[in-house]
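# Architecture at a glance
What follows is each chain in one-letter form.
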Amino acid sequence: MNILVINCGSSSLKFQLIDSESEKCIAKGLCERIGIEGSMITYAPEGGEKEKTTTPMPDHTEAIRLVLAALTNDKTGVVKSLDEIGAVGHRIVHGGEKFTSSAIITDEVIEAIKECNDLAPLHNPANLIGIDACKTLMPTTPMVAVFDTAFHQTMPEEAYLYGIPYEYYEKYKVRRYGFHGTSHSYVSKKVAEVLGKNYEDLKIIVCHLGNGASISAVKNGKCVDTSMGLTPLEGLIMGTRSGDIDPAIIEFLANKESMTAQEVVSVLNKKSGVLGLSNGLSSDFRDLEAGLENNDENAIRAMKGFCYRVAKYIGSYVAAMNGVDAICFTAGVGENGPIVRNFVCDRLGFLGIELDQELNNKRGMDLDITTPESKTRVLVIPTNEELAIARETAALVK
Ligand code: ADP
């Protein structure tokens, strides 16, 4: 069955058409600047040329109409008609406590997603617009919602509650939820596969290090802790997000810089992380790596701060699980950054980790990068959130 995977943001929309039997991507692309002057669709059939077309997209319905037209067009299309798309899988950022797994989209499910809008005001409404647009254009095609938060719903209370008055949890559901769940789930299962071990018997730490970064502890096949919280701002130092800070900094900076709390939080989201730590040098690790080669003190400071935080979280998750069998790196930085992996693992001598540097320098495949003597396995597994969404979708609509 062909599954259309949609990841809909407020002004952009990423898509992939995946054959659920062969698990191959048949075509993919991106709509950008939806609702803004200069909208553009990029479309690429598998093995074919990338086409970029600038065309008006006043709303998401028009964007999805263009996606469907690209997939079915006579020249570069990959299916003859929309009948050949068996289902649509939507990435939904926040499922609150309501969704512990993926769900077939019904009117009730849409209402329940809307009820989580408060928790992800930038993301969930955009995700819902994507659902609505597909419903209009493909009214009989089944759709599935796959939540970023669902995998983390197995966290125990001691891991998800904040040390604040309990009534805020009762009244507003203020707690830790975690994100990137589809990736953490996909990658942790892959670790077991690569090691040839039973998923339910392992203690795994997954480091999803991309522009947004999070880390999770997966014990016996269940997530027991993860670094992102009520929102994706908590935890690791990221590309532009601060991760953990003393919450009193918000009031302190608001007073010193005459900003509102909202403005300070915007700085924490958009101008912090390695971008902020590097004094504005870059949020991109390729630039930081280039900076390291030139002994640039801004790049060194940012890289050291980032890697220290990752290692510190790994240490705390070893404690949370009372041990660890495998640590896995994934996403843009985790998959491509041998330097980051070295910096992090250098701090983990107490786990008896020995990296094989030749393997650490390879890219683009599932790999155990440790020597046979290493007491803890360290792996690199390329994540594939779209495939994971397609799998979930196919399993539910069958
Ligand atoms: P997201 O999905 O959160 O936007 P990605 O997982 O795509 O992020 O990761 C993007 C980041 O990966 C880039 O900002 C860059 O820092 C890093 N990255 C990508 N390629 C490389 C590379 N070859 N070497 C080091 N870092 C890389």
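Above this text you will find the structure in question.
Described below are features of the structure shown in this document. Everything numeric in this text was worked out from a predicted model, so none of it was measured.

### Re the sheet that holds strand β1 (residues 2-8)
A sheet is described by the order of its strands in space; here eight strands give the open sequence β5-β4-β3-β2-β1-β6-β8-β7, paired in mixed fashion. The open sheet has two edge strands, β5 (51-54) and β7 (103-104), and neither has a second partner. Direction of pairing for β1 relative to strand β6 (residues 85-92): parallel, over a ladder of five bridges. Each bridged residue has a counterpart across the sheet, and for N2 the counterpart in β6 is I85. Across the sheet, helix α3 (residues 124-137) touches β1, β6 and β8 (143-147), and the angle it forms with β6 is around 165°. Across the sheet, helix α15 (residues 385-397) lies against β1, β2 (13-19), β6, β7 and β8, angled at about 125° from β6, the strand it touches most.

### Considering the packing of aromatic side chains
As enumerated under the stated definition, the model contains six aromatic pairs in all. An angle of 15° between the planes, with centres 4.1 Å apart, marks the rings of F99 and F147 as stacked. One end of the pair, F99, is in the loop between β6 and β7; the other, F147, is in strand β8, with 48 residues separating them in the sequence. The pair F99 / F147 is uniform in exposure class, with both members buried. Measuring from ring centre to ring centre gives 5.6 Å for Y166 and Y169, while their planes differ by 45°; the resulting arrangement is tilted. You can see Y166 and its partner Y169 sitting in helix α5 (residues 166-172), three residues apart, about one turn around the helix. A relative accessible area of 43% places Y166 in the partly exposed class. Exposure remark for Y169: the relative accessible area of 10% places this residue in the buried category. The aromatic ring of Y169 is capped on one face by K173, whose charged end is 4.7 Å from the ring centroid. The cationic tip of R175 hangs over the ring face of Y160; the distance from NZ or CZ to the ring centre is 3.7 Å.

### Comments concerning the sheet that holds strand β11 (residues 222-226)
Sheet strands pair by backbone hydrogen bonding; their relative direction is either parallel or antiparallel. Read across the sheet, six strands follow the order β11-β10-β9-β12-β14-β13 without closing on themselves; strand pairing throughout is mixed. Since the sheet does not close on itself, it has two edges, and those belong to β11 and β13 (367-368), each with one partner. Alignment of strand β9 (residues 203-209) against strand β10 (residues 213-219), held across seven bridges, turns out to be antiparallel. Note on β10: the bridge partner recorded for L209 is A213. Packed onto the sheet, helix α11 (residues 297-321) meets β9, β10, β11 and β12 (326-330) and runs at close to 155° relative to β9.

### Points about the layout of surface pockets
Computed from the structure, the second largest pocket encloses a volume of approximately 530 Å³. Taken together, 16 residues make up the lining of the second largest pocket; nearest its centre are Y162, L233, E234, P247 and I250. Considered class by class, the residues forming the lining of the second largest pocket number 10 nonpolar, four polar and two charged.

Criteria and cut-off values
- Residues numbered from 1 in each chain as written.
- Predicted model: local features only at pLDDT ≥ 70, side-chain atom pairs only at ≥ 80, totals over all residues.
- Heavy atoms only, no water.
- Pairing = 2+ DSSP bridges.
- Helix = DSSP H or I, 4+ residues; strand = E, 2+ residues; numbered from the N terminus.
- Contact = heavy atoms within 4.5 Å.
- Axes fitted to C-alpha atoms, helices over the stretch in contact; angles between N-to-C directions.
- Phe/Tyr/Trp six-rings, centres within 6.5 Å; stacked < 30°, edge-to-face > 60°.
- Buried < 20%, exposed > 50% of the residue type's maximum accessible area, 1.4 Å probe, protein only.
- Lys NZ or Arg CZ within 6 Å of the ring centre and 35° of its normal.
- 1 Å grid on protein atoms, 1.4 Å probe; cavity = no way out; pocket = protein on both sides within 12 Å on 5 of 7 lines; lining within 4 Å.
- Points joined across faces, edges and corners; volume = space filled by probe spheres on them.
- Nonpolar A, V, L, I, M, F, W, Y, C, P; charged D, E, K, R; others polar.

No statement about biological role is implied by the geometric values presented.
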